[in-house]
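The residues making up each chain are set out below.
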Amino acid sequence: MANHPRYAIYHAPSPDSALHRFGSTLLGYDAASGDDIPFPNGVTPDWREVTEDPRKYGFHATLKAPITLAEGKREGDLIEACAAFAGRARRIPVIEPVVDAISGFIAVIPARRSDDLQQLAADCVTEFDAFRAPLTPDDRVRRKPERLSARQCEYLDRWGYPYVMEEFRFHMTLTGRLGDDRRGPIVAWLRERFATLGLTTLAIDRLALFRQDDATSRFRIIASWPLRGG
């Protein structure tokens, strides 16, 4: 990966919310402040390794996957576009958040599909694609297209990311991939912790712009906006 900034458009809870503290503490990293933070009591001895991959990105849900800016595009242009997008009236998705396994890792996910959420994600994919530099051959190889479906490969080539449109699944990642023998106990423990938040509904009402300065850096929030309901 080249030594240049990447940007991602994510949903991230407000930094002063209980959900942000929940996710950030489990990952050991606060993407709003850029600080390492202590893990909670009760984690397994290898929890740092269990959360190594999601820690790079901070607690979030992907709406537009990480991109390198296209030639002629600047960070300020992307910030302006995000602010304009957030300021347009839309139906704010509201989900019932639950903790469960998804594709081998554990995340906060919706209990059931939300058409409003699918539309928000699709709008982000299309709206901000003009800012994305073309996918390089090395980038495509890293996505392991041989493991993707034909539709996912089509989306990878068109949008630079395979899990968009009907392939999109909202998730706020809490762990890396786990073996079958470990997922059950960790899901149960995380559900107990999540239940203490008393969070029965969650409005996906914020847009955050994350930046990764170079290939060795973690992503960090550089700007965020409330979505305008309507």
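Residues numbered from 1 in each chain as written. Predicted model: local features only at pLDDT ≥ 70, side-chain atom pairs only at ≥ 80, totals over all residues. Heavy atoms only, no water.

(A) Representation of the pattern of salt bridges in the model. One pass over the full model with this rule turns up 20 salt bridges. Across the pair Arg140 and Asp157 runs a salt bridge whose closest N-O atoms are separated by 2.7 Å. Taken as a pair, Arg140 in helix H6 (residues 137-142) and Asp157 in helix H7 (residues 150-159) lie far apart in primary sequence, 17 residues in all. Judged by its relative accessible area of 29%, Arg140 is partly exposed. In this structure, Glu166 engages Arg151 in a salt bridge whose closest nitrogen and oxygen atoms are separated by 2.8 Å. Of the two residues, Glu166 sits in the loop between H7 and strand E8 (172-173) while Arg151 sits in helix H7, which places them 15 residues apart along the sequence. The exposure class of Glu166 is partly exposed, given its relative accessible area of 44%. Each of Lys64, Asp129, Arg132 and Arg158 takes part in salt bridges that share partners, so that together they form one network. (Salt bridge = Lys/Arg side-chain N within 4 Å of Asp/Glu carboxyl O. Helix = DSSP H or I, 4+ residues; strand = E, 2+ residues; numbered from the N terminus. Buried < 20%, exposed > 50% of the residue type's maximum accessible area, 1.4 Å probe, protein only.)

(B) Representation of the layout of surface pockets in the model. In this structure, the second largest pocket encloses a volume near 170 Å³. Listing elements by their share of the lining of the second largest pocket, those giving two or more residues are strand E7 (105-110) and helix H5 (115-127). For the lining of the second largest pocket, the per-class residue count stands at six nonpolar, two polar and three charged. (1 Å grid on protein atoms, 1.4 Å probe; cavity = no way out; pocket = protein on both sides within 12 Å on 5 of 7 lines; lining within 4 Å. Points joined across faces, edges and corners; volume = space filled by probe spheres on them. Nonpolar A, V, L, I, M, F, W, Y, C, P; charged D, E, K, R; others polar.)

(C) Representation of the side chain of Gln118. Note that Gln118 resides in helix H5. Setting aside anything within four residues of it in sequence, one finds Gln118 in contact with Arg113, Met165 and Phe168. (Contact = heavy atoms within 4.5 Å.)

(D) How the structure looks around unusual backbone geometry. With a phi angle near 50°, Lys144 is a residue other than glycine that sits in the positive phi range. A relative accessible area of 36% means that Lys144 is categorised as partly exposed. One non-glycine residue with positive phi stands out, namely Met165, at about 55°. Turning to its location among the elements, Met165 is positioned in the loop between H7 and E8. Classification of Met165 by relative accessible area gives partly exposed; the value is 21%.

(E) Structural view of the pairing of strand E1 (residues 6-11). Burial analysis of E1 places six of its six residues in the buried class, the great majority of the element. Side-chain alternation along E1 places Arg6, Ala8 and Tyr10 on one buried face and Tyr7, Ile9 and His11 on a second face that is also buried. Taken together, the five bridges between E1 and strand E10 (residues 206-212) define a ladder with antiparallel strand orientation. Residue pairing across strands places Ala8 opposite Phe210, the latter belonging to E10. Here four bridges tie E1 to strand E4 (residues 61-67), and the two strands are oriented antiparallel to one another. Across the sheet, Ile9 pairs through a bridge with Lys64, a residue of E4. (Pairing = 2+ DSSP bridges.)

(F) Quick peek at the packing of helix H1 (residues 18-27) against helix H8 (residues 180-195). Packing of H1 against H8 brings their axes to within 11 Å, and their N-to-C directions diverge by 150°. One element, H1, and the other, H8, form an angle in the roughly antiparallel class. Every pair of crossing elements has a handedness; the one defined by H1 and H8 is right-handed. Here Leu19, Phe22 and Leu26 of H1 lie close against H8, whose contacting residues are Trp189, Leu190, Arg193 and Phe194. Split into classes, the residues belonging to the contact of H1 with H8 amount to six nonpolar, no polar and one charged. (Axes fitted to C-alpha atoms, helices over the stretch in contact; angles between N-to-C directions. Parallel < 35°, antiparallel > 145°, perpendicular 65-115°, else oblique. Left-handed = near helix turned anticlockwise from the far one by under 90°.)

The analysis is restricted to geometry; functional conclusions fall outside its scope.
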